[in-house]
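Remarks on the overall topology
Listed below, chain by chain, are the residues.
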Amino acid sequence: MPFWLTLTIQTLATVGAVLVTLWGFWRFVVCPYLDARVAELIEAGREIEPAVTRGVKTGVADTIRELPESALDGTVKESTRQFLKFGSGLFENGLSSFLGSAADLERNRQKDGAASKDSKDS
């Protein structure tokens, strides 16, 4: 048998043995390990959402329970009062309650014009 044929057969046998060994290791060792870890992660993911929801509900309930009623009443009354004042101002004055009246805009233009003239003189 010629030398090159022996060398080719030996190379093919070595490559085949390495590939079969790597495939067997992947198939019978790595895949089951990865499948088990993925199953654990999926199970942990399913448990996280209900736990977070329970924790948030408990935290909100505890916080509301710990707040004194006087603090809640004062805060709610004050914020309601401010909201009503804002709403009535918006209803009576329209967008000018946000932007200002025409006179306010004119005063701002005059101030800006005077400021720009002063900066040019310097």
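Our subject is the structure that appears above.
Residues numbered from 1 in each chain as written. Predicted model: local features only at pLDDT ≥ 70, side-chain atom pairs only at ≥ 80, totals over all residues. Heavy atoms only, no water.

Considerations on the pattern of salt bridges
Where charged atoms from two side chains of opposite charge come close, those side chains can pair. Where we set the bar: Salt bridge, as applied in this entry: a Lys or Arg side-chain nitrogen positioned within 4 Å of an Asp or Glu carboxyl oxygen. Numbering of helices and strands runs from the N terminus; a helix is a DSSP stretch of H or I covering at least four residues, while a strand is a stretch of E covering at least two.
For the structure shown, the criterion picks out one salt bridge. Of the charged contacts, one joins Glu40 and Arg37 as a salt bridge, the two residues approaching to 2.8 Å between their closest N and O atoms. You can see Glu40 and its partner Arg37 sitting in helix H1 (residues 3–66), three residues apart, about one turn around the helix.

Remarks on the packing of aromatic side chains
Note the following rule: Two aromatic rings, drawn from Phe, Tyr or Trp (for Trp, its six-membered ring), form a pair once their centres lie within 6.5 Å of each other, and the interplanar angle then sorts them: stacked below 30 degrees, edge-to-face above 60, tilted otherwise. Using a 1.4 Å probe on the protein chains alone, a residue whose accessible area is under 20% of its type maximum counts as buried, one over 50% counts as exposed, and one in between counts as partly exposed. Think of it as a cone above the ring: NZ of Lys or CZ of Arg counts as a charge over the ring if it is within 6 Å of the ring centre and within 35 degrees of the ring normal.
Following the criterion strictly, the structure yields one aromatic pair and no others. Centroid distance Trp23 to Phe28: 6.0 Å. Interplanar angle 85°. Geometry classified as edge-to-face. Note on Phe28: relative accessible area 58%, which makes it exposed. For Arg27, the ring lying beneath its charged end belongs to Phe28, and the centroid distance is 5.8 Å.

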